[in-house]
There are 2 protein chains.
Amino acid sequence: MSDTDLETPDLPAPLPASRLDEDDRLVPQFVRDVMERVEAGDDEGARALVQPLHPADIADLFEQVDSDDRRALAAALSDMVDGDVIAEMNEHVRDELIDSLEPHQVADIAGQLETDDAVAIIEDMEEDDQRAVLRALDPDDRAAIEEALTYPEESAGRLMQRDLIAVPEHWTVGHVIDYLRADDQLTTDFWEIYVVDPQHHPIGTCMLSWILRAPRKIRIADVMKREQTLIPVDMDQEEVALRFQKYALISAAVVDQSGRLVGMITVDDIVHIIQEEASEDVLLLSGAGEGDINEPISESYKSRVRWLVTNLFTALIASAIIASFGAAIEQMVALAVLMPIVASIGGNAGTQTMAVAVRALATNQLTRSNSWRTIGREIRLALLNGATIAILVGLGAGFVFSNPALGGVIGAAMLINVGVAGLAGVLVPLLLERFDQDPAVASSVFVTMITDSMGFFAFLGLAVASGLVG
Amino acid sequence: MSDTDLETPDLPAPLPASRLDEDDRLVPQFVRDVMERVEAGDDEGARALVQPLHPADIADLFEQVDSDDRRALAAALSDMVDGDVIAEMNEHVRDELIDSLEPHQVADIAGQLETDDAVAIIEDMEEDDQRAVLRALDPDDRAAIEEALTYPEESAGRLMQRDLIAVPEHWTVGHVIDYLRADDQLTTDFWEIYVVDPQHHPIGTCMLSWILRAPRKIRIADVMKREQTLIPVDMDQEEVALRFQKYALISAAVVDQSGRLVGMITVDDIVHIIQEEASEDVLLLSGAGEGDINEPISESYKSRVRWLVTNLFTALIASAIIASFGAAIEQMVALAVLMPIVASIGGNAGTQTMAVAVRALATNQLTRSNSWRTIGREIRLALLNGATIAILVGLGAGFVFSNPALGGVIGAAMLINVGVAGLAGVLVPLLLERFDQDPAVASSVFVTMITDSMGFFAFLGLAVASGLVG
């Protein structure tokens, strides 16, 4: 919301090699140096070290130090921990820091930020604290934030900023440039301008480079691109991210239900959503919940133990199947030795297929048009893989136990289980998606249940049915 | 490389709801309609349907139809399948299509594209075909592409475009605007301009909005931001993506080893890398290789079966451990029934921790400064999880088998295995990273090996050591 001073855009740059390593990470020695000064009460020394850092690197510094040290660090750095730094911080580290501040301090920080960043800080606060912060804000900022909070969480309305440039279509390029130069209140950081009709409906978008390259007398309507990608204000942020990605957008106009321009989303706010959504899939598939190393332990415990207990029930099904073949195992203990191999390789094969299917669904590559083709492809792959492993395992087991029949049984069970794994790995995510469930959340429980149970059942069942045991 | 016509920037917009669903996917009926016309020889009808599509959607159309139908579709649409469409296509679908074209057709397409997109098409071709295409290109385009091909694959040099705006620092804002208006040969699409010294070293970056808001007489050196994030030309694309993300960049100057400006990378080329790199982790962790549903089956088979065979060897270790306790299992078949539970829950717990650690490493959140804190956190979590599951399983097994000692043994084994899983889940990726290996590639083999072996060993070993079986 605050306009950056035009003459001195003041974002410091990334650092010389001594503070950052080649991957832009703070080097451990630098982190230790800063904390040593903080602990020695040498605030000036700590500030001198941190001074040249980019806000993103100051935010990193807070993430790198121990939770207990963060408040002391914030006190030592005081006003260097400004809105830009807070906006770059990991959510959990930020919430912890914000909790330790007074409402008026939070309001100071929020007032320095663009609406979307201010909302991100305020939306997670307790209701009482939220109200106290809102009361301490400028009326303009408060109105903008309160309006943003009326939109659903993770929607375009929360992501958008309200400061944008909109001009009428009858203006010329010269008119636009004069307007931008004359009005001090306008935002300074924008990549495109929007051309609107008298009802404030966007009718075109114009890259700044087109304006700069066009003569002053040309009408803006002749420079702009009429076809635009508009974002409905209630669109989910994941869809917004996919749309930015698909159409290679730098910024996009956000419109309300009557089609009026209400805000703008820029790609820099989208980039971390793309990354988060892709990360989310690997974490969800592994049952690691939010899976952030800065998440409070109690929250991580809740999400992880829930997953383990769920998997305990699927493991019990597999155990019940084994128990029903107890007599066969007593008769031939080699069955107990070999049965985990069948289940384990089936589980691996299922996980491979499932990971591919979940990512293809998330990136809109796997759709209703190519579901059957993809299922067919995965089954063919599973049979190829299953046959290869079946031959290896069958020959190996037959040889080691000097029992060709046992080799035949484990080979056949392996082929069946890897085949079933391939089918389940693609069908389960597809069905979950069809029933509007997130395939990343529940797929692996079902797939593992199927491959474990089928592994034990096929192997032990074939052993009995073939007369290998009696 | 071709300049877009300034007056008619011609990217069509996303479509009315009838062709795309709410997630911007082509609706199956539309895909069928197009293919029906293609198959009926009604090229005009097919073209009329496809005409309003955005290039990204035409590319999607090719991905949605069966592999056999793609050549017929390309023939029917002919020149509508231009460089923009090809650049948006899935790599495997594109390679298949390019293989069916003559070198001069490929050269026509490459000539329409920016260097980075042209390179992406040409770099995967056979050497002979590549030479034929290069010969058919304009000398300027050829030189640019040949230079790009001298940089390593997946480096900044391959990602960058050479068309950029660089101006000397003594120019005024007015001078810059006049230059942009006067020279027809300049690129049209750019977001920032670079200010260079006489040796062509970048000394500042200037957002176009700052230029538009500044009076003509102001020197560009007083508007630009001096602190810039420069990208070395040989930097890996994953690092480039992390740098764009960390510093919220829209475009960045690429410099050679002597620090001279050689190109520019824009965020729209980075967005899909961020997404790919994040997807890659879930696919690598699952052993699904590249994991693309359009990848040829033979390639998918090779990468997946390699993974399954690797896991077969780790499963054999677990089997050997079970075999060494054969006598105990013969004596008490309940051990065979329960042992997969211990291994399976341990595997799940290890996978949770590993997914969190791998993502934290990939996003530079887990570093040398906070390794010990993270290890400590994960061990505490693992012990909490392990204790919870141990109590559940111990009570359950003791009750079901009316054998409290068996319950005690499985509970203790579970606590040990989940604890070990937590430790392995964070230590294995950290160690692989320390030895410059990609943690996503090999972590899960090691972690599964540890949790499987330890699960069987702890459970069966404790059963024998405690005197439960003789």
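Sequence positions are assigned chain by chain, starting from 1 and proceeding in written order. Chain A is the first chain written and ligand 1 is the first ligand written, with later ones labelled in order. The predicted origin of the model limits local features to residues at a pLDDT of at least 70 and limits the giving and counting of side-chain atom pairs to 80 or more, whereas totals for whole chains, interfaces and linings rest on all residues. No hydrogens and no water enter the side-chain calculation; it runs on all heavy atoms of the structure.

Colleague: Help me understand the pairing of strand β5 (residues 251-255) of chain A, please; the structure alone is not making it clear to me.
Modeller: Working note: regular strand, side chains alternate between the two faces of the sheet. Residue and element names in this part refer to chain A. Of all five residues making up β5, five are buried, and the element is well covered by its neighbours. Going residue by residue along β5, you find S251, A253 and V255 tucked away on one face and A252 and V254 tucked away on the opposite face as well. Paired strands are those between which DSSP finds at least two bridges. A helix here means a DSSP run of H or I that spans at least four residues, while a strand means a run of E at least two residues long, and both kinds are numbered starting from the N terminus. In the sheet, strand β4 (residues 231-232) pairs with β5 via two bridges, with the strands oriented parallel. Bridge assignment links P232 to a residue of β5, and that residue is V255. Taken together, the five bridges between β5 and strand β6 (residues 261-266) define a ladder with antiparallel strand orientation. The residue of β6 that forms the bridge with S251 is T266. Using a 1.4 Å probe on the protein chains alone, a residue whose accessible area is under 20% of its type maximum counts as buried, one over 50% counts as exposed, and one in between counts as partly exposed.

Colleague: Before we go on, may I ask you to explain helix α8 (residues 115-122) of chain A in this structure?
Modeller: At 3.6 residues per turn, the α-helix brings residues three or four places apart onto the same side. Of all eight residues in α8(A), six are buried; the element is thus mostly enclosed. Of the positions making up α8(A), those classed as buried are A:T115, A:D116, A:A118, A:V119, A:I121 and A:I122.

Colleague: Just to check I follow, could you spell out the environment of A:M332 for this structure?
Modeller: Residues and elements named next belong to chain A. Along the chain, M332 turns up in the loop between α18 (326-331) and α19 (334-362). Classification of M332 as buried rests on a relative accessible area of 17%. It is 32 Å that separates the C-alpha atoms of M332 and V309, two residues lying 23 residues apart in sequence.

Colleague: What is the right way to look at the UniProt feature "transmembrane region" (unreviewed entry) in chain A in this model?
Modeller: Residue and element names in this part refer to chain A. Residues annotated in UniProt with the feature "transmembrane region" (unreviewed entry) correspond here to residues 307-329, 335-361, 382-402, 408-432 and 444-469. In residues 335-361, helix accounts for 100% and strand for 0%; the two terminal C-alpha atoms are 39 Å from one another. In this annotation, residues 444-469 is assigned 85% helix and 0% strand; the end-to-end C-alpha distance for the span is 33 Å. UniProt positions are given in the numbering used here, feature names are shortened, and annotations may be inferred rather than shown by experiment.

Colleague: Got a minute to help me understand the domain arrangement of chain A in this structure?
Modeller: The extent of an interface is frequently quoted as the accessible surface area lost upon association of the parts. An automatic or database domain assignment is the source of the domain bounds shown. Its domain assignment divides chain A into domain 1 (28-154), domain 2 (166-269) and domain 3 (296-465). The gap between the C-alpha centroids of domain 1 of chain A and domain 2 of chain A is 31 Å.

Colleague: Just to check I follow, could you spell out the interface of chain B and chain A for this structure?
Modeller: Should any heavy atoms of two residues lie within 4.5 Å, those residues are considered in contact. Taken together, the contact between chain B and chain A spans 142 residues of the former and 143 residues of the latter. Each of two parts loses accessible area, computed with a 1.4 Å probe, when they are put together; buried area is these two losses added. The three residues of chain B that bury the most area against chain A are B:L212, B:R213 and B:I293, which together make up 7% of that side's buried surface. Definition used for salt bridges: Asp or Glu carboxyl oxygen within 4 Å of a side-chain nitrogen of Lys or Arg. The interface formed by chain B and chain A includes 12 salt bridges. Salt-bridge contacts for B:D66 lead to A:R373; the nearest nitrogen and oxygen are separated by 2.9 Å. Whenever two N or O atoms come within 3.5 Å, that pair is a polar contact, provided that in protein one can donate a hydrogen and the other can accept it, and provided that, for residues adjacent in sequence, both atoms are side-chain atoms. Our enumeration of links across chain B and chain A arrives at 62 residue pairs in polar contact (both at pLDDT 80 or more). At 17 residues, the largest contribution of residues to the side of chain B that touches chain A is made by helix α19 (residues 334-362) of chain B.

Colleague: Would you take a moment to explain the packing of helix α7 (residues 103-111) of chain A against helix α9 (residues 127-136) of chain A for this structure?
Modeller: For any two helices packed against each other, the geometry is given by the interaxial angle and the distance between the axes. Residue and element names in this part refer to chain A. Note on geometry: axes are C-alpha line fits, over the in-contact stretch for helices, and angles between N-to-C directions span 0 to 180 degrees. At their nearest, the axes of α7 and α9 sit 8 Å apart, and the two run at 60 degrees to each other. As far as their axial angle goes, α9 and α7 are oblique. Crossing of α7 over α9 shows right-handed handedness. On α9, the residues that touch P103, H104, V106 and A107 of α7 are A132, V133 and A136. Tallied by class, the residues present in the contact of α7 with α9 amount to six nonpolar, one polar and no charged. Note that the term roughly parallel is reserved for angles under 35 degrees, roughly antiparallel for angles over 145, roughly perpendicular for angles of 65 to 115, and oblique for everything else. Note: crossing handedness is left-handed where the near helix turns anticlockwise from the far helix by less than a right angle, and right-handed where it turns clockwise. Following the grouping adopted for this structure description, the nonpolar residues are Ala, Val, Leu, Ile, Met, Phe, Trp, Tyr, Cys and Pro, the charged ones are Asp, Glu, Lys and Arg, and the polar ones are all others, Gly among them.

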